[in-house]
Amino acid sequence: MSHILIVEDEPVIRGALRKLLERHDHSVAEAESVEQARENGLTQCDLIISDLRLPGEPGTALIELAAPVPVLIMTSYASLRSAVDAMREGAVDYIPKPFDHDEMLMSVQRVLKEGRINRGNQALRQDMERTYPVRSMIGDCEPMRDLKHRISRVGPTDTPVLILGEAGTGKELTARALHEHSERAAAPLVTVHCAALPKTLQLEELFGNDSQPGRIENADGGTFFLDEVGELSNEAQSRLLTLLEQGEIHRQGSLSPRRVDVRVIASSQMDLPARVTDGRFREDLYYRLNVMELELPPLREREDDIEQLAATLLTRSCEKLSRGVLYFTDAALAAMRAYSWPGNVRELENVIERAVILTEEDGIGPAQLGLNPNRTPQRVSRASLDPSEDLSLEDYFTRFVLENQDSMTETELAQKLGISRKSLWERRQRLGIPRRKSTRR
């Protein structure tokens, strides 16, 4: 049984609401004002339903006084602005007066259910924070410690977050850490890669149409992550601003607004202020998204984390590829620390996976990694750095041999690929790669 406090100065409305709730097995207390509500013991309730306009203090004063007890606001002044203002101050929902009985009961049921989930999540998160301040994020260098601290602070809020960083630094992983650290962790995390959406399809994909919901509605109650938000069309930016300001969306072809409860996180590797200056990104949307900014450090600034990252990624690759236990030689670790990693952690992951596939030894050395700080790194690891090519391992092997066999001996080719000369010969035969006669003396 849930205990609900009604704060309403009109006895007829207060009495009708009490009877409705008691018929559905709720325990109900009443108050005529915020002052009288204080005397009822605010934090002993599971839910407070309050009129917006009360003698003395407004109903929204209860939001802070009763926290973390949820407050549902009723208003006979059913303008969108007053309701939105109440939601911004922290009300969980609003109901216009005179209220519809079914709508009231559905709102009460939803808020009580979310309250139980949130209390469970809060206990779980407090337990996690004692041992894992931010899960799934590897590294203890100073920039990473600062990042984890910021995530632990902003994660439990509903504040919009803008994640900045180069490609491959872990922006999507950071969004997931924020979601898992929030009160919404039991609800969906919906990710949209804006750069992969044609601008002609963005509105329907994000906001839906008359027959089906869009991705934003799919995230209702949870977190909505817009990867590369700078790729949104002007119309999509305008509608996203409405969501952030009013908590509403319009489906394509519909004039009726729909209220959606989502926490918005966005990311970009673009220079958004420059896009604001040249008119390609709305300034008001930029500031709405950039309430809290998290900038991810590139891997070249995380030398102290390389060994820990590499060891973790090596274990994952061995498990994924059903390989036995492998290790990095000291020379391989030194080579990884010296390399600039233009593709960041994503490149490191791909280089290690390729080394696990190709190596025939237990120890992975510099030759198997194929890194050379004095040469353009894309030549050896281009298959992992250029997302448009999507080369298979056999494609990579073929390209590498054809590009380098005029300047390398068979022994050098085998060493660079991390295989024996015999394996090189066998793969040439299987893939039909002819061996050219060397002109080297």
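These numbers come from a predicted model, not from an experiment. (Residues numbered from 1 in each chain as written. Predicted model: local features only at pLDDT ≥ 70, side-chain atom pairs only at ≥ 80, totals over all residues. Heavy atoms only, no water.)

1. Some remarks on the packing of aromatic side chains
Filter applied, for reference: Stacked, tilted and edge-to-face are the three classes assigned to paired rings of Phe, Tyr and Trp, where Trp is represented by its six-membered ring and a pair needs centres within 6.5 Å; plane angles under 30 degrees give stacked, over 60 edge-to-face, the rest tilted. Exposure categories follow from relative accessible area, calculated using a 1.4 Å probe and restricted to protein chains: below 20% of the type maximum is buried, above 50% is exposed, and the middle band is partly exposed. Charge-over-ring contacts are defined here by two conditions on Lys NZ or Arg CZ: a distance within 6 Å of the ring centre and an angle within 35 degrees of the ring normal.
With the rule as written, the count across this model stands at 2 aromatic pairs. Between Tyr-286 and Tyr-287 the ring centres are 5.2 Å apart and the planes differ by 70°, which places this aromatic pair in the edge-to-face class. According to the relative accessible area criterion, Tyr-286 is buried, its value standing at 11%. Here Tyr-339 and Trp-341 contribute two aromatic rings whose centre-to-centre distance is 4.6 Å and whose plane-to-plane angle is 90°, an arrangement assigned as edge-to-face. The residue whose ring lies beneath Arg-239 is Phe-207, and the NZ or CZ to ring-centre distance is 5.7 Å.

2. Considerations on the pattern of salt bridges
Between side chains of opposite charge, pairing is possible as soon as their charged atoms come close. What counts, and what does not: Take a side-chain nitrogen of Lys or Arg and a carboxyl oxygen of Asp or Glu: if they are within 4 Å of each other, that pair is a salt bridge. Strands here mean DSSP runs of E at least two residues long; helices mean DSSP runs of H or I at least four residues long; both are numbered from the N terminus.
Within the structure shown, the criterion is met by 19 salt bridges. Arg-215 is the partner of Glu-205 in a salt bridge, and the nearest nitrogen-oxygen pair spans 3.4 Å. Taken as a pair, Glu-205 in helix α8 (residues 202–207) and Arg-215 in helix α9 (residues 215–218) lie far apart in primary sequence, 10 residues in all. Exposure remark for Arg-215: the relative accessible area of 26% places this residue in the partly exposed category. Glu-307 is the partner of Arg-337 in a salt bridge, and the nearest nitrogen-oxygen pair spans 3.9 Å. Here Arg-337 is found in helix α14 (residues 330–338), whereas its partner Glu-307 is found in helix α13 (residues 306–320), with 30 residues between them in sequence. A residue is classified by how much of its surface remains accessible, and Arg-337, at 33% relative accessible area, is partly exposed. Classification of Glu-307 by relative accessible area gives partly exposed; the value is 46%.

3. Some points on the nonpolar core
In globular proteins that are soluble, nonpolar side chains generally tend to be buried together. Put simply, the test is: Put simply, a nonpolar core is a bunch of buried Ala, Val, Leu, Ile, Met, Phe, Trp, Tyr and Cys residues held in one set by side-chain atoms that sit within 4.5 Å of each other. For this analysis, residues touch if any pair of their heavy atoms sits within 4.5 Å.
If you look at the biggest cluster of nonpolar residues, it comprises 31 residues, and the most contacted ones within it are Leu-206, Ile-216, Phe-224, Leu-226 and Val-229. Those elements giving two or more residues to this core turn out to be β6 (161–164), β7 (189–193), α8, β8 (223–227), α10 (234–246), β11 (263–268), α11 (272–277) and α12 (283–289). It is α10 that provides the largest number of residues to this core, a total of 5 residues. The contacts of Ile-216, once residues within four sequence positions are left out, are Leu-206, Phe-207, Phe-224, Leu-243, Ile-249, Val-260 and Val-262.

4. Some thoughts on the sheet that holds strand β12 (residues 292–295)
Working definition: the strands of a sheet are paired by backbone hydrogen bonds and lie parallel or antiparallel to each other. For clarity, the threshold we go by: Two strands make a pair as long as DSSP finds a minimum of two bridges between them. Working convention: axes come from line fits to C-alpha atoms, limited for helices to the stretch in contact. Angles between N-to-C directions cover 0 to 180 degrees.
The 5 strands are arranged β7-β8-β11-β6-β12 in an open sheet whose pairing can be described as parallel. If you trace the sheet from one side to the other, it starts and ends with β7 and β12, each paired once. With direction set aside, neighbouring strand axes in the sheet form an average angle of 20°. Those strands touched by helix α6 (residues 142–154) are β6, β11 and β12, and its axis lies near 150° from that of β12. Across the sheet, helix α7 (residues 171–180) lies against β6, β7, β8, β11 and β12, angled at about 150° from β6, the strand it touches most.

5. Some remarks on the confidence of the model for the protein chain
Let me state the cut-off plainly: pLDDT is a residue-level measure of predictor confidence that goes from 0 to 100.
Considering every residue of the protein chain, the mean pLDDT works out to 82; 83% of them sit at 70 or more. Averaged pLDDT values for the elements of the protein chain fall to 34 in helix α17 (residues 378–385) and rise to 96 in β11. Confidence drops under pLDDT 50 across residues 120–133; counting only partners more than four residues distant or on other chains, this segment forms 12 contacts. Low pLDDT, under 50, characterises residues 375–392; the stretch is placed with 31 contacts to residues that sit more than four places away or in other chains.

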